[in-house]
Structures are given as structure tokens and as C-alpha cells.
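If you want the building blocks of each chain, they are given just below.
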Amino acid sequence: MWWSEQTFRVFGLDPESTEPSHTNFWEAIHPEDRELVRARIGEALDVSKSFSVEHRIAPGREDVRYVHQEGELVESDNGEGAWICGTIWDVTDERHAQEEIRRLASYDSLTGLANRRLFQARLDQAIEQAVLDDSRIGLLYIDLDGFKRINDSLGHMAGDELLRRVADLLRANVRGCDVVGRVDRREYTPSVSRLGGDEFTILLTKMDTTEEAADVAKRILRALSQPMKIAGREVFTTGSIGIAVFPEDGVDRETLVKHADTAMYHAKGLGRNNFQYFSSAMNVNSLRKLTLEGRMRRAVDQNEFQLYYQPKLDLQGDKVVGGEALLRWETEDLGTISPKELIPIAEETGLICSLGAWVLENACAQIREWQLAGYTPLPVGVNVSARQFMHDDLVSVVSEALRTTGLSPRLLDIEITESTLLQDNESTALMLRDLRAIGVRVTLDDFGTGYSSLSYLSRFPLDALKLDRAFVRDIDTDPSALAVARAVIDIAHSLDLVVVAEGVDSDSQLRLLRESGCDQIQGFLFSAAVAAEEFVSFLKPAPGREQPVR
């Protein structure tokens, strides 16, 4: 053999101490690649053709190097033999560049997890193998609960850090631990992917039972429930997980993903922070949701919605001092659509702003109608979603509704949720000041269900606070619940806020709230929400006016 100086350099060998022999040639090639090189050269010798092969340099170097060999068979001049003439060059940089291109195309740049493209390829491969093995596949579809809240309140950098931490957590909870204890030792390869946003998947292959997917889901939920330190703050997050199993829930990629996604949304609908297996009944719910989305767009234009009104009872004078407008949608074929089902769909479809404007205008018009009919007007609360609140034109929408209907601003109470306060402190405070500047009242609704603290109450210009039914429900059976409710009432009063308790359903709850100094209540104990024509029974004639005809 004869080697050029460059060949010695490529192999990482010293030409002064190394002979260019067959032995040194084969020892320079990585042991795992030697058979491949032998095969390529053997083929060239058998059929007198050129060869080309890429392989690794033998171990012992600090870094892995790749080389490319090309050669051809050359007959000797006298025809008594032949030799191989070829070239070899280092292609490590090109190989790394190709690997980086493949990585960028197949892996998420933020978390390092497989991206949607690689996930789809892996799922297709897993299905093909499962058909051959007659085995099961588990697909876990994970969505973080409240990620948008954290992203909006702490910033995108904190949101990115949370996603990286969650990715590490998912890796740690599927890597290896699902193989331990498996008697048959079959190949078992869990795969974690990020599809985008705060959505992740875990692919479990060669499952013996469907319960194995549940074990992984439980472990992930426990890990997610632990606090994380993000941007100097302790952050809590949870996850909703949907599980679909091959072949029971689908035999192709699209069906499995769709069913796992459906199960995940079902988990969210059940309160979040849980996992759900897919069932055929969920398809019915998904179809209902799609139907409602399509119908809702027409319903807004065709005025199919109704407003009901629930009275607020003052506990000092035992009289009705206001009401809350609540949206209802009655359909002939689907029955009554509750706000709990209606509002999330409106937010997802982007109809919440137009629907909210409709509620606002019609509530104002109804209050004005009662006033013109000779009743003493009472202030009515109108709920504004976080998404509607953050629109720059909310103040102008409210002003226009008041101007169009001729209603006094003091008779309108804008009710916002805790999540609204967390979106942007400065812009939220400015919006609240602008609303109060035109004369409307502002109430913090459902206090206790979100993530704000009592310190938020002093930062924003508010008029009232509504205790969520979660506070009220247990005050007559749980002393700690009563203590918390009393503390909130006392602090709210120290800030000159009126306190309204929602969901009051029993005499014992009413008694304890009265003793605790609560100002007003709403609930079935006094009255459910009623149609506008029934609400007039709570109204009184205006001074100097005869009893209006009902």
C-alpha cells in the first residue's frame, strides 16, 4: 500500500512511525463500519467497478471524525494483476452541517424535543411496527393549564423558560422509567415531542396494557403540580392530558391524534389537572361543539340570545338593590345552552367581543325600558371577559351603549374577572380609571377562583368585590372557609369596597354572611336568574308614579 501525507493526516497517524499496511488501514476504520467498507471494496473487486463509502475513523481520537472514500480498480500494465487507486478526505464538517440541518428540521429549537414533523414520522413508524408486533401504542396529548396567564403576566422570556422546564420534566418522567420491571425486556421507546405553543405529546410503544399510559400520566401530573422558580417567582402550573390507544381508538395517525386531542379538551372541561382516556361519547361532544360554533355565528346576527337577570339582595335593609345580567341561549333542537358552555366557545371563535357588545347594549336598553315604564331603576352588572376587556375600544363601546340607550352611567356595573387584573397592570389600571371616569361602577367578579392576591385589591380602582361561590359553599361546614371569607370581607371593607356573596343557597350560609358583615348576596335562596318580564316584580314604582301596569 501507498498513502499520501494527507491520508496519514486524515487517519490521525504519524507517517514516521506508521507503515501504510493493510492492517493499519483496517485498524484506522471504526470497528462498527469495517464490514460496510469491506463490502463496498469487495463489490468493486467482483465486478470491476468504482466504489464510494462514508465511514467513521477508529476510536481513540478526542472527537468523532467522518471520512469519505472513493476508489476504482486499475489493471496493471502487464495484465498480471490489479490495484485500487482511490482518495480519502475528511467530511466531518459537512456531516455536522447536514446533521444540524436535519436537527433544525426535526427538533424544536426552544426545548430540543422532537417537533411536529418528527412526531408524525415517529407515530407513523410506531403504527407500522405495532401492526407487525400486534402490540399497543399509547398517545398522551398534554396541554398546560394557565400557560397564557403566566406568559402574559411574567413575559415571553419567562414563558419560554417554563416551556423548557416542562420539557425537561417530561423527559425525566418517561426516560427509562417505563422500561424498568418489564419482564419480557422488549424494546420500549417512549418519545416526547412539542407540537407547538404549550402542547406536548408522549408516544409509548409496545404497551402490554392501556393502564401503562395512565401510570405515565399520573406521574406527569404529580411532577407538574410542583412549584417552579421562574423569573424570580414561584410559579404553579398544571396539565390536562388526553390519552388515545392504538388500535382501540384509531388505526392511523390522524385519528389517534384527533382522539387524544379530544380527550385532552374533555379533561380541561372536567376542571383541568387530570387525564382522560378517549371514548366515543367525546366525539358526540366534539360534534356538538362544532355545531354550536357554526350556530353561534348566526345567532349573534339573528338576535337569538336572551338576557336573564338575577337580583342582588342588600342584607342591611333586606331589599333588592341591583341585578346581574346573565346570557341565555335557547335552541329548539339543542335545548338551553348554559353560559359555562357558551362563553368558552365564544372566546375560542373570537365572537366574545361582538357577543359582549350585544349583551352590554341590550342590558342598557332593558334598564332604560324599565325606567321609562315608571319603575325605580336599579344598577345592573354586565360581565366583561378578559379578552373583551383588553380591546382598546371597550370604553368607547360602553360609552356608545349608554349614549344610544340614554341610560345613566350610574346604573351600569362592569364586572371583570381576576384573570383580567393579571394581564397588564398598567393598561388594566388605566382602563378601569377610564371606565369610572365616565361614571360606571366596576366590580371584581368571582374573587377567589383565579391567581390574584388580596394585595391586588389596593392597586386597582374598584367599587365592589364578589365572593365566588367556592368561598360561600363551605362556610357553614368548614370553620377555615368561614375564617377566610370573614378575612376577605374585612379587608375589602377597609378598602371601601362593597362585598357581594354569590351562590348563597341555604339559610345557614345567609346567617353567617350577615354576621360576618357581608353587604349583599346573590343565589337560589333568594332567586334564580329570571326573564326581564319576571324581574319587574323586584322593582318599585318611581317616586310620584303610580304602580306600572305589568
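As a reminder, the structure under discussion sits directly above these lines.
For clarity, every value in this text was computed on a predicted model and none was experimentally measured.

Looking at the sheet that holds strand E3 (residues 82-90)
As summarised here, the arrangement of the 3 strands in space is E1-E2-E3, forming an open sheet in which the pairing is antiparallel. The sheet terminates laterally at strand E1 (51-56) and E3, the two strands that pair on one side only. Pairs of neighbouring strands in the sheet enclose a mean axial angle of 25°, with direction left out of account. Of the pairings in the sheet, the one linking E1 to strand E2 (residues 66-75) comprises 6 bridges and is antiparallel in character. Note that in E2 the partner of Glu-54 across the bridge is His-68. Seen against the sheet, helix H3 (residues 34-47) touches E1, E2 and E3 and runs at an angle of roughly 170° to E1. Across the sheet, helix H4 (residues 92-106) touches E1, E2 and E3, and the angle it forms with E2 is around 125°.

With respect to the sheet that holds strand E10 (residues 275-277)
The 5 strands are arranged E5-E6-E4-E9-E10 in an open sheet whose pairing can be described as mixed. Taken across any chain shown, the strands that pair with only one partner, and hence form the sheet edges, are strand E5 (191-196) and E10. Ignoring strand direction, the axes of neighbouring strands in this sheet form an average angle of 20°. Two elements, strand E4 (residues 136-145) and strand E9 (residues 238-246), share 9 bridges in a ladder whose sense is antiparallel. Note on E9: the bridge partner recorded for Ile-137 is Phe-246. Seen against the sheet, helix H5 (residues 116-133) touches E4, E5, strand E6 (199-207) and E9 and runs at an angle of roughly 20° to E6. Set on the sheet, helix H8 (residues 211-224) makes contact with E4, E6, E9 and E10; between it and E9 the angle comes to about 170°.

Let's talk about the pattern of salt bridges
Within the structure shown, the criterion is met by 25 salt bridges. The partner of Lys-268 in a salt bridge is Asp-143, with the nearest N and O atoms 2.9 Å apart. Here the residue Lys-268 occupies a position in helix H9 (residues 253-269), and Asp-143 occupies one in strand E4, the gap between them amounting to 125 residues. Take Lys-268: its relative accessible area is 16%, and that puts it in the buried class. Here Lys-312 ties to Asp-413 by a salt bridge, and the two come within 3.9 Å at their closest N and O atoms. Residue Lys-312 is found in strand E11 (residues 305-314), and its partner Asp-413 is found in strand E15 (residues 412-417); the two are separated by 101 residues along the sequence. Of the two residues, Lys-312 and Asp-413, both sit in the buried class. Salt bridges here are not isolated pairs; linked through shared partners, they connect Lys-312, Glu-324, Asp-413, Glu-415, Arg-441, Lys-466 and Glu-502.

Conventions adopted
Numbers given to residues run from 1 along each chain, matching the order in which its sequence is written. Per-residue local features are limited, in this predicted model, to residues with pLDDT of at least 70; the limit for side-chain atom pairs, both in listing and counting, is 80 or more; totals at the level of whole chains, interfaces and linings are taken over all residues. The basis for every side-chain value is the complete set of heavy atoms in the structure, and neither hydrogens nor water enter the calculation. Pairing between strands requires that DSSP locate at least two bridges from one strand to the other. Each helix corresponds to a stretch of at least 4 residues labelled H or I by DSSP, and each strand to a stretch of at least 2 residues labelled E; elements are numbered beginning at the N terminus. Only C-alpha atoms enter the line fits that serve as axes; for helices the fit covers just the stretch in contact. Angles between N-to-C directions range over 0 to 180 degrees. Contact criterion: two residues are considered in contact whenever any of their non-hydrogen atoms come within 4.5 Å of each other. For salt bridges, the criterion is a side-chain nitrogen of Lys or Arg within 4 Å of an Asp or Glu carboxyl oxygen. Burial classification: accessible surface area is computed with a 1.4 Å probe over protein chains only, and a residue below 20% of its type maximum counts as buried, one above 50% as exposed, and the rest as partly exposed.

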